[in-house]
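# Understanding the architecture of this molecule
Below are the chains, spelled out letter by letter.
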Amino acid sequence: MKEEEVERLRGLVRDCLSKHLYSSAIFFAEKVAAATSDPADIYMQAQALFLGHQYRRALHLLNSSSIVLRDLRFRYLAAKCLEELKEWHQCLTMLGDAKVDEHGNVNSPKDCSPMYLDKDGEDHEINITAAVCYLRGKAYEALENRIQARLWYIAAVKSDPFCYEALESLVDKYMLTCEEESSLLSSLQFVKEDGWLSTIYSCLVKKHDKENVVEAKLRDIERDNPCTTSSSPFMLVLKDNADLLACNAEYYYQCGEYHKCFEFTSLLLTKDPFHMKCTLVHLAAAMELGHSNDLYLLACNLIKDHPQKAISWFAIGCYYFSIKKYDQARKHFSKATSVDATFPPAWIGSGNAYAVQEETDQAMLAYRTAARLFPGCHLATLYIGMEYMRTHNFKLAEQFILQARTICPSDPLVYNELGVVAYHMKEYPKAVQWFEMTLVNVASSMNEMWEPTLVNLAHAQRKLKMYHKAVSNYEKALVLSTRSLSAFAGLAYTYHLMDNLDAAVTYYHKALWLKPEDQFCTEMLTMALEMQGRGMYLT
């Protein structure tokens with residue numbers, strides 16, 4: 001066969017692959033490889049077989065080649081075939097015996113040798129070493145060795161920051177603590193023109209950082225901040241990027257701005273109805289807002305379009321949870337975990353569904369499983385502590401919540417729960433300290449989500465006879481929620497203790513207007529009226 005004919009057939013194979021005509025590509029690629037015996041043509045034939053889902057045949061072809069153990073691309077493609085066949089041990093064997101240290105640095109002299117097909121890799125190509133590291137991570141994760149999986153994912157990102165799959169696995173599967181995420185991002189080497197990617201990556205990680213860390217980055221992009229766009233004009237076109245909008249929505253969700261979050265996700269899903277990360281945030285916001293109709297419609301669409309995805313079954317569970325059919329919610333959360341055991345929200349949802357019905361043992365099992373599978377997810381550990389607190393085991397509760405704080409030291413909810421534990425243990429000075437730290441760590445402006453924290457802080461201050469500070473915080477709570485029974489009752493009782501009976505009576509009446517059957521307010525109002533009539537005061 002003449003060289004011109006061979007080159008024409010090579011072009012035809014490439015065109016068939018681009019048009020997804022895999023049988024045609026396989027047919028012509030075999031003819032080219034037979035005519036030339038060139039390793040590049042053998043590799044092209046193996047690629048066509050792989051894309052045509054003929055994994056055994058592709059693997060046999062690669063193993064029959066004398067180059068497979070000398071060229072990393074051949075070994076990588078052979079390992080990809082083994083991945084598709086779920087033969088994970090053989091996959092790792094094919095990739096070689098490289099080692100990775102605790103910092104994600106790879107020691108593999110063989111993998112670093114020149115490769116037959118990749119001697120002159122272009123700058124825009126993903127580093128083949130990064131792809132190999134990522135595949136090793138997937139294999140170890142499939143074998144439930146999550147420690148090694150985590151290290152190889154880190155190695156993949158370090159080998160090439162453009163290997164987004166590896167970073168996505170680390171973040172979405174909560175393999176890193178907040179501190180480890182920050183450390184990894186700071187260690188990545190970006191050239192000047194890729195500064196936009198560094199900014200996006202910093203927005204993709206967990207959203208519990210304070211306003212100047214997360215929101216400022218998003219604002220820089222939105223405002224075309226010259227400090228961030230001068231190095232990369234490409235940043236200018238990313239303001240309305242779907243991933244960044246999803247990041248913004250998730251940030252508002254973490255801040256408790258559920259209405260604003262829901263607006264963002266609704267807007268984005270109108271443009272891109274199948275954006276899964278946005279869909280997950282949308283589900284969470286709808287749950288918080290009690291939008292059961294939206295949950296129902298979204299769950300129906302997901303199960304119709306993606307019955308094989310865990311998020312579809314999770315969405316059904318969210319709907320049933322929102323209408324308080326917890327048995328059905330648990331059933332569908334469990335289905336989601338069986339579809340994908342590495343889907344964190346399903347484990348947390350399952351635990352919450354058991355916890356709301358006070359089935360502590362089953363709730364703990366789900367939370368502990370989540371904590372084991374996702375060491376970077378502080379919510380699992382936090383919920384274990386909250387469950388211990390519900391059963392009045394305050395010492396254990398404190399231990400687990402402190403552990404959650406170690407994983408994610410910037411989540412204000414952790415400090416709030418530590419304050420609640422300290423309050424129950426009658427350690428009121430410590431409770432005040434934790435509640436104040438909660439408010440310090442709130443990422444954005446105060447909203448109704450933090451009204452209970454202000455009330456709890458005021459309760460603790462009242463216990464310490466810091467009456468004026470208590471009154472101030474009760475009033476702040478009432479600014480956030482004008483129908484807070486706890487704030488009205490606490491304010492009334494504080495004024496009662498300050499011998500301001502007129503104010504006490506006023507606020508007891510306001511509390512009883514919200515809940516006429518409240519026994520404490522009824523009794524205290526009666527006492528205040530009697531004392532007021534007799535001119536008596538508390539001492």
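Our subject is the structure listed above.
Notes on the structure follow. Bear in mind that the values here come from a model prediction, so they are computed numbers and not experimental data.

Along the chain, Glu141 falls in helix 7 (residues 128-142). We classify Glu141 as buried; its relative accessible area is 11%. Side chain to side chain, Glu141 and Lys173 meet in a polar contact 3.1 Å long. Setting aside chain neighbours within four positions, we find Glu141 in contact with Arg146, Ala149, Tyr153, Lys173, Met175 and Thr342.

Relative to each other, helix 2 (residues 22-36) and helix 3 (residues 39-51) sit at 160°, their axes nearing to 8 Å. Taken together, the axes of helix 2 and helix 3 lie roughly antiparallel to each other. Helix 2 and helix 3 meet at a crossing whose hand is left-handed. In contact with Tyr22, Ala25, Ile26, Ala29, Glu30, Val32, Ala33 and Thr36 of helix 2, helix 3 contributes Asp41, Ile42, Met44, Gln45, Ala48, Leu49 and Leu51. Here the residues of the contact of helix 2 with helix 3 are counted per class, giving 11 nonpolar, two polar and two charged.

Applying the stated criterion to the full structure yields 21 aromatic pairs. Plain terms: the ring middles of Tyr423 and Tyr428 are 5.3 Å apart, the flat faces sit at 70° to each other, and that makes the pair edge-to-face. On the basis of relative accessible area, Tyr428 is assigned to the buried category, the value being 14%. These aromatic residues form a ring-pair network of at least three members: Tyr164, Phe190 and Tyr201. Lying across the ring of Trp152, Arg136 places its NZ or CZ 4.8 Å from the centre. Over the aromatic face of Trp313 sits the side chain of Lys335, whose NZ or CZ is 5.2 Å from the ring centroid.

Conventions adopted
Residues numbered from 1 in each chain as written. Predicted model: local features only at pLDDT ≥ 70, side-chain atom pairs only at ≥ 80, totals over all residues. Heavy atoms only, no water. Helix = DSSP H or I, 4+ residues; strand = E, 2+ residues; numbered from the N terminus. Buried < 20%, exposed > 50% of the residue type's maximum accessible area, 1.4 Å probe, protein only. Polar contact = N/O pair within 3.5 Å; in protein donor to acceptor, adjacent residues only side chain to side chain. Contact = heavy atoms within 4.5 Å. Axes fitted to C-alpha atoms, helices over the stretch in contact; angles between N-to-C directions. Parallel < 35°, antiparallel > 145°, perpendicular 65-115°, else oblique. Left-handed = near helix turned anticlockwise from the far one by under 90°. Nonpolar A, V, L, I, M, F, W, Y, C, P; charged D, E, K, R; others polar. Phe/Tyr/Trp six-rings, centres within 6.5 Å; stacked < 30°, edge-to-face > 60°. Lys NZ or Arg CZ within 6 Å of the ring centre and 35° of its normal.

Function cannot be read off these values alone, since they describe shape.
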